[in-house]
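Notes for the structure review
One-letter residues, chain by chain:
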Amino acid sequence: MGEAFGRGLFAQRIKDKSPDWTIKQWLQQTEKDVWGPLGSEFTFTKISPDVATTFMSRNPLAQASSEQSAAALFNFGVMRGLFLSAFPHGNL
């Protein structure tokens, strides 16, 4: 369910998708058009054209939910849907 939601977010919110996107460009676009409006915040410990290492520092869904594990799994599905929409073969 989270993955389908992520794919829908990508289709609705990400307007400019380049066929030769890098992970860095994808992260910048999703942060601006998806995560920022949802109130999520991330801290990147490494970001380059090919690699991104991150942890979520603010997740309003998990904070508001009594089932934080389910909220975290849903959020993982959303991220997966957003990523696979940008990189359909799962690679860069």
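Residues numbered from 1 in each chain as written. Predicted model: local features only at pLDDT ≥ 70, side-chain atom pairs only at ≥ 80, totals over all residues. Heavy atoms only, no water.

1. Examining the packing of aromatic side chains
Where we set the bar: Here the aromatic set is Phe, Tyr and Trp, taking the six-membered ring for Trp, and pairing holds for ring centres within 6.5 Å; pairs whose planes are under 30 degrees apart are stacked, those over 60 apart are edge-to-face, and all others are tilted. In this text, helices come from DSSP runs of H or I with a minimum length of four residues, and strands from runs of E with a minimum of two, each type numbered from the N-terminal end. Burial status follows relative accessibility: with a 1.4 Å probe on protein chains alone, a residue under 20% of its type maximum counts as buried, one over 50% as exposed, and anything between as partly exposed.
Considering all chains together, one arrives at three aromatic pairs under this definition. Measuring from centroid to centroid gives 5.8 Å for phenylalanine 5 and phenylalanine 74, while their planes differ by 40°, and the two rings are tilted. Placement of phenylalanine 5 in helix α1 (residues 2-13) and of phenylalanine 74 in helix α4 (residues 68-86) is noted, with a sequence separation of 69 residues between them. With relative accessibility at 26%, the residue phenylalanine 74 sits in the partly exposed group.

2. Some details on the confidence of the model for the protein chain
The predicted structure's coordinates, where accompanied by low pLDDT, should not be read in detail. What counts here: pLDDT is a per-residue confidence score from the predictor, ranging from 0 to 100.
Across the protein chain, the average pLDDT comes to 75, with 68% of residues at 70 or higher. When the elements of the protein chain are averaged for pLDDT, strand β2 (residues 52-58) gives the smallest value, 61, and α1 the largest, 87.

3. Observations regarding the side chain of threonine 30
Applicable threshold: Residues count as neighbours in contact if any of their non-hydrogen atoms are within 4.5 Å of one another.
Note that threonine 30 resides in helix α2 (residues 23-38). Leave out the neighbours within four places in its chain, and threonine 30 touches Ile14 and Trp35.

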